[in-house]
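Observations on the model geometry
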Amino acid sequence: MTRIRNLDEEPRVIQDELELCLDVWLEDELHNVYLLYAEQMGIFEAVMECIDNHKVCTRVFFIDGPGDTGKTFLYNILLGNRSMGKINLAMASSGIAALFLDGGRIVHS
Ligand SMILES: Nc1ncnc2c1ncn2[C@@H]1O[C@H](COP(=O)(O)OP(=O)(O)OP(=O)(O)O)[C@@H](O)[C@H]1O
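Here the residue numbering is sequential within each chain, running from 1 through the sequence in written order. Where local features are concerned, this predicted model is filtered to residues with pLDDT of at least 70; where side-chain atom pairs are given and counted, the filter is 80 or more; whole-chain, interface and lining totals use all residues. Neither water nor hydrogens contribute to the side-chain values; these are computed over all heavy atoms in the structure.

Attention now moves to the overall build of the protein chain. To qualify as a helix, a DSSP run of H or I must reach at least 4 residues; to qualify as a strand, a run of E must reach at least 2; elements of each kind are numbered from the N terminus. If you tally the helices and strands in the protein chain, you get five helices and two strands. For the protein chain, the sequential pattern of α-helices and β-strands runs α-α-α-α-β-α-β. Looking at the 109 residues of the protein chain, the share that counts as buried comes to 29%. Restricting to contacts in the protein chain with at least 6 residues of sequence separation, those with at least 24 account for 53%. Each accessible area is a Shrake-Rupley result for a 1.4 Å probe, and residues are judged covered by the shown protein chains and nothing else. Here the protein chain has roughly 7800 Å² of accessible surface; of this, 57% comes from carbon and sulfur atoms. Buried means the residue's accessible area, taken with a 1.4 Å probe over protein chains only, is under 20% of the maximum for its type, while exposed means over 50%, and partly exposed covers the values in between. Contacts are assigned to residue pairs that have any heavy atoms within 4.5 Å of one another.

Below is the structure:
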């Protein structure tokens, strides 16, 4: 049975996130999937497969690489799955780093 969500009972961060899901501009990012380089695409597919099969797959992904290799670009495309109603909490350790993530915030805020 599907439980109807009372938004007022959700933590503030989830409420903010659900409001972000409604922003049309976020949909654009997922449309840019075709721009991903092969290595980015491999990661994108692995993460999305895990999200789609969340009942059988619980994993943590650690994406690492030298500067300017497209990690942030990939994160923002992954964050585009908000347009499919998914909740994505985009956290960074500093305010400047958070600015580069769609809907990003500092982890301790
Ligand atoms: N698949 C792609 N297609 C087009 N441009 C890309 C692609 N991947 C990355 N870029 C561009 O390459 C540049 C560097 O990418 P990005 O900032 O994502 O790297 P990064 O690994 O997060 O860097 P840093 O570790 O320094 O933060 C950016 O200008 C980004 O727009």
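Now that the structure is up, let's keep going.
This part covers the nonpolar core. Soluble globular proteins: nonpolar side chains tend toward being buried together. Throughout, nonpolar core names a set of buried Ala, Val, Leu, Ile, Met, Phe, Trp, Tyr and Cys residues whose side chains join them through atoms within 4.5 Å. Among the nonpolar cores identified, the biggest contains ten residues, and these are Leu30, Val33, Leu36, Phe44, Val47, Met48, Ile63, Leu74, Ile77 and Leu78. Secondary structure elements with two or more residues in this core: helix H3 (38-52) and helix H4 (71-79). Core analysis: the second largest hydrophobic core is formed by five residues, Leu79, Ala90, Ala98 and Leu101 among them.

Put simply, a residue is near a molecule or strand once any heavy atom of it comes within 4 Å of that molecule or strand. Near the ligand the following residues occur: Leu35, Leu36, Tyr37, Gln40, Pro66, Gly67, Asp68, Thr69, Gly70, Lys71, Thr72 and Phe73. Whenever a nitrogen or oxygen atom comes within 3.5 Å of another N or O atom, the pair is scored as a polar contact, on the condition that within protein one atom can donate a hydrogen and the other can accept it, and that pairs from neighbouring residues in sequence are kept only if both atoms are in side chains. Between threonine 69 and the ligand, the recorded distance is 3.2 Å, taken from a backbone N or O atom to an oxygen atom. Alone, the ligand offers 630 Å² of accessible surface; in the complex the protein occludes 60% of this. No other element matches the three residues that H4 contributes to the shell around the ligand. Note that Gly is not counted as nonpolar here; it falls among the polar residues with everything else outside the nonpolar set of Ala, Val, Leu, Ile, Met, Phe, Trp, Tyr, Cys and Pro and the charged set of Asp, Glu, Lys and Arg. The residue makeup of the shell around the ligand, split by class, is five nonpolar, five polar and two charged.

A few words now on unusual backbone geometry. Although it is not a glycine, aspartate 68 adopts a positive phi angle of roughly 65°. Note that aspartate 68 resides in the loop between H3 and H4.

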